[in-house]
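# Geometric and topological summary
Okay, here's what each chain looks like letter by letter:
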Amino acid sequence: MEMTMRLPANYNLINEQEMTYTEGGATAVQALCAWFLPFYGWYKGTTAIRDYRRANPDTWVETGLDAFTADMESSVVNMIYDVGCAVSVVGSCMSVIWLIPTALIVFS
């Protein structure tokens, strides 16, 4: 028995760039929260770093900024959200008090 998969004639594969629109990206509310609720931006940014580190354990330092840039280029709302999260994470890491919880979350 031969196993074949037949697709409709108008079937198109979705590339990685278009997956943002089907899987989701940042919403306008999330983008505003990242800028105006510093704890939200810090938490979302820190957990995003942790998740990326877990998914790419050997190359996360070298490829992290490229992935960050690619996510920002996918839409304007993602750019506003990502920059808001980055500002919150970097700003909080400038104080020694928030650097320790950030490191604990990223390396957990």
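No experiment lies behind these values; they were computed from the predicted model shown.

Taken residue by residue, the chain gives an average pLDDT of 83. The fraction at 70 or more is 81%. Per-element confidence in the chain ranges from a low mean pLDDT of 50 for helix 1 (residues 19–23) to a high of 92 for helix 3 (residues 38–55).

Packing of helix 3 against helix 6 (residues 96–106) leaves a shortest axis separation of 8 Å and a crossing angle of 40°. Crossing geometry of helix 3 relative to helix 6 is assigned as right-handed. Where helix 3 approaches helix 6, its residues Phe 39, Trp 42, Thr 46, Thr 47, Ile 49, Arg 50 and Arg 53 are matched on the opposing element by Trp 98, Pro 101, Thr 102, Ile 105 and Val 106. Within the contact of helix 3 with helix 6, the residues separate by chemical class into 7 nonpolar, 3 polar and 2 charged.

Turning our eyes to something else, we now look at the pattern of salt bridges. For the structure shown, the criterion picks out 1 salt bridge. Here Arg 50 and Asp 51 are joined by a salt bridge, their closest N and O atoms 3.3 Å apart.

In this model helix 3 runs 26 Å from its N-terminal to its C-terminal C-alpha over 18 residues, within 8% of the 26 Å that 1.5 Å per residue would give. All buried positions along helix 3 are accounted for by Gly 41, Trp 42, Gly 45, Thr 46, Thr 47, Arg 50 and Arg 53. Turning to helix 3, the residues buried within the fold contact helix 2 (28–36), helix 4 (60–74), helix 5 (76–93) and helix 6.

Next up on the list: the side chain of Arg 53. Locating Arg 53 in the fold gives a position in helix 3. Despite its burial, Arg 53 remains without a salt bridge, the nearest opposite charge being carried by Asp 51 at 8.3 Å. From its side chain, Arg 53 meets the backbone oxygen of Ser 108 in a polar contact 3.0 Å long.

Glancing now at a nonpolar patch on the surface. Together, Leu 32, Trp 35, Phe 36, Val 76, Met 79, Ile 80, Val 83 and Val 87 make up a nonpolar patch on the protein surface, roughly 760 Å² of accessible area in all. Looking at the nonpolar patch, the elements with two or more residues in it are helix 2 and helix 5. A total of 5 residues in the nonpolar patch trace back to one element, the largest contributor, which is helix 5. With respect to the helices and strands, Met 79 occurs in helix 5. A relative accessible area of 39% means that Met 79 is categorised as partly exposed.

How each quantity is defined
- Residues numbered from 1 in each chain as written.
- Predicted model: local features only at pLDDT ≥ 70, side-chain atom pairs only at ≥ 80, totals over all residues.
- Heavy atoms only, no water.
- pLDDT = per-residue confidence, 0-100.
- Helix = DSSP H or I, 4+ residues; strand = E, 2+ residues; numbered from the N terminus.
- Axes fitted to C-alpha atoms, helices over the stretch in contact; angles between N-to-C directions.
- Left-handed = near helix turned anticlockwise from the far one by under 90°.
- Contact = heavy atoms within 4.5 Å.
- Nonpolar A, V, L, I, M, F, W, Y, C, P; charged D, E, K, R; others polar.
- Salt bridge = Lys/Arg side-chain N within 4 Å of Asp/Glu carboxyl O.
- Expected span 1.5 Å × (residues − 1).
- Buried < 20%, exposed > 50% of the residue type's maximum accessible area, 1.4 Å probe, protein only.
- Lys, Arg positive; Asp, Glu negative; His and termini not counted.
- Polar contact = N/O pair within 3.5 Å; in protein donor to acceptor, adjacent residues only side chain to side chain.
- Patch = residues over 30% accessible without salt bridge, like charges linked within 9 Å, V, L, I, M, F, W, Y side chains within 5 Å.
- Areas by Shrake-Rupley, 256 points an atom, 1.4 Å probe, with all protein chains shown as cover.

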